[in-house]
Structure formats: structure tokens, C-alpha cells
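# Chain and residue survey
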Amino acid sequence: MTLALVGLSETPLAVAKTAEDIAALQSPIATVDRFHAALTEGKVEAALKLLSDDVLIYESGRAERSKAEYASHHLKADAEFAGATQRKLVKRASWVGPDTAWVTTEAETTGTFKGRALALTGTETMILLRTAGVWKIVHIHWSSATKR
């Protein structure tokens, strides 16, 4: 579906081609969901487009301090993991201000990864900033544990 947006030639919405693109520009939750979908589908470049250049990612007691660092370290492994497992949303909360938002998620992840059966619970916090009408993820904090 292509949308014609008249009179908005200089705005991000003018370059949006689908309702999904427009939703991602307008909704932090849609941005978080698109990030996870891109990882699951192995579309690492699409996932990277949703991150700010100076994204800060906390995972397993470690930090990656930029999009470039994440791309060169854990991104491909995260995509492989997401593609090999199933993630079920358990609970989500969010707050959206004019140009800042946070989205918290609790999820269950099951499946087999590298020959090992997994049943995990996980928590995630993502902070997003809107710049020029586009939501970008500026911080991710992931934590997981074996499901009891």
C-alpha cells in the first residue's frame, strides 16, 4: 500500500510508503517491535537503522557503547538467537513524552539454540528519542534467567 502525502515534502512522513512505516515514525512501541522483527528475520541492517549512532546496550553485565560496536560484536549472534527461538510477550508498559519514551517488556523465550534447549524469562528496557520526527533506540538493557 502506497500512501500519497500531499504538502509534506520535507517531513519524515512524506517518505513513508506504508502504514507500517508511518506507525514506526509515530510510535516507540512500533519501533521496538520492528527492531525485534528485524532480528528474528535476520535483517541486521534493518535493525541497525532503528538504533541511534550512540546507542548504549547493557547485556549480561557488559556494555556496548555505539551502533558500530554492537554491529561488530553481538548483533549477528542476537539475530541468530532470535531466529532460532520463539519469544512470547508476557507484559509491556510504556511512557511516551514529546521526544522521549521508554518501553519495558517481560517475555518468555523458548527453543533450541546451538543444540541446547532453552526456556528463559527476560526483561528489557528500551529508551527512545525522537529526532526530526523519527523514533530511535538510544538505550537497551536486557536481562534473562532460566525459567523456573
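Structure first, text after, so check above.
A quick note: this is a predicted structure, and the numbers were derived from the prediction, not measured.

### Focus on the overall build of the protein
When helices and strands are counted, the protein shows six helices and six strands. Listed by position from the N terminus, the elements making up the protein come as α-α-α-α-β-β-α-α-β-β-β-β. In the protein, buried positions account for 33% of the 148 residues. Roughly 8,900 Å² of accessible area belongs to the protein as shown, and the carbon and sulfur atoms make up 55% of that amount.

### Some remarks on the nonpolar core
Across soluble globular proteins, you tend to see nonpolar side chains buried next to one another. The biggest cluster of nonpolar side chains holds 23 residues, and the ones touching the most others in it are Phe35, Leu39, Leu51, Tyr70, Met126, Ile137 and Ile140. Within the residue set of this core, elements represented by two or more residues are α3 (28-40), α4 (44-49), β1 (51-59), α6 (75-84), β4 (100-113), β5 (116-131) and β6 (134-146). Residues contacting Phe35, with those up to four places away along its chain left out, are Ala47, Leu50, Leu51, Tyr70, Met126, Ile137, Ile140 and Trp142.

### Some details on α6
Of the residues making up α6, those classed as buried are Leu75, Asp78, Ala79 and Ala82. Projected down its long axis, α6 carries its buried residues within an arc of 100°, all on one side.

### Some details on the packing of aromatic side chains
Scanning all chains against the criterion turns up two aromatic pairs. Between the aromatic rings of Phe35 and Trp142, the centroid separation amounts to 6.4 Å while the plane-to-plane angle is 25°, which identifies the pairing as stacked. Note that Phe35 is positioned in helix α3 and Trp142 in strand β6, a separation of 107 residues in sequence. Residue classification places Phe35 among the buried positions, given a relative accessible area of 0%. Relative to Phe113, the ring of Phe81 has its centre 5.2 Å away and its plane inclined at 80°; by these criteria the two rings are edge-to-face. In this pair, Phe81 is assigned in helix α6 and Phe113 in strand β4, connecting sequence segments 32 residues apart. Taking the relative accessible area as the measure of exposure, Phe81 reaches 25% and is therefore partly exposed. Taking the relative accessible area as the measure of exposure, Phe113 reaches 19% and is therefore buried.

### Things to note about the side chain of His139
Within the element layout of this structure, His139 appears in strand β6. The exposure class of His139 is buried, given its relative accessible area of 15%. Looking at His139, its side chain comes within polar contact range of the main-chain oxygen of Leu56, at 2.8 Å. If sequence neighbours within four positions are ignored, His139 has contacts with Val55, Leu56, Tyr58, Thr125, Met126 and Ile127.

### Details of the pattern of salt bridges
Under the definition given, this model contains six salt bridges. The residue Asp99 makes a salt bridge to Arg130 at a minimum N-O spacing of 3.6 Å. Within this pair, whereas Asp99 is found in the loop between β3 (85-96) and β4, its partner Arg130 is found in strand β5, the two being separated by 31 residues in sequence. A relative accessible area of 41% places Asp99 in the partly exposed class. Exposure remark for Arg130: the relative accessible area of 26% places this residue in the partly exposed category.

### Quick look at the sheet that holds β5
Here six strands make up an open sheet; going across it, the order is β2-β1-β6-β5-β4-β3 and the pairing mixed. In the strand order of this sheet, the two ends are held by β2 (62-64) and β3, each with one partner. Shown here is a sheet whose adjacent strand axes are inclined to one another by a mean of 15°, direction ignored. Note that β1 and β2 share three bridges and pair antiparallel. Each residue of the ladder has a partner; that of Ile57, found in β2, is Glu64. Where α3 meets the sheet, it contacts β1, β3, β4, β5 and β6, and its direction lies at approximately 135° from that of β5. Sheet strands touched by α6: β1, β3, β4, β5 and β6. Its angle to β4, the strand with the most contacts, is close to 65°.

Reading the values: rules and limits
Residues numbered from 1 in each chain as written. Predicted model: local features only at pLDDT ≥ 70, side-chain atom pairs only at ≥ 80, totals over all residues. Heavy atoms only, no water. Helix = DSSP H or I, 4+ residues; strand = E, 2+ residues; numbered from the N terminus. Buried < 20%, exposed > 50% of the residue type's maximum accessible area, 1.4 Å probe, protein only. Areas by Shrake-Rupley, 256 points an atom, 1.4 Å probe, with all protein chains shown as cover. Core = buried A, V, L, I, M, F, W, Y, C linked by side-chain atoms within 4.5 Å. Contact = heavy atoms within 4.5 Å. Arc of directions from axis to C-beta. Phe/Tyr/Trp six-rings, centres within 6.5 Å; stacked < 30°, edge-to-face > 60°. Polar contact = N/O pair within 3.5 Å; in protein donor to acceptor, adjacent residues only side chain to side chain. Salt bridge = Lys/Arg side-chain N within 4 Å of Asp/Glu carboxyl O. Pairing = 2+ DSSP bridges. Axes fitted to C-alpha atoms, helices over the stretch in contact; angles between N-to-C directions.

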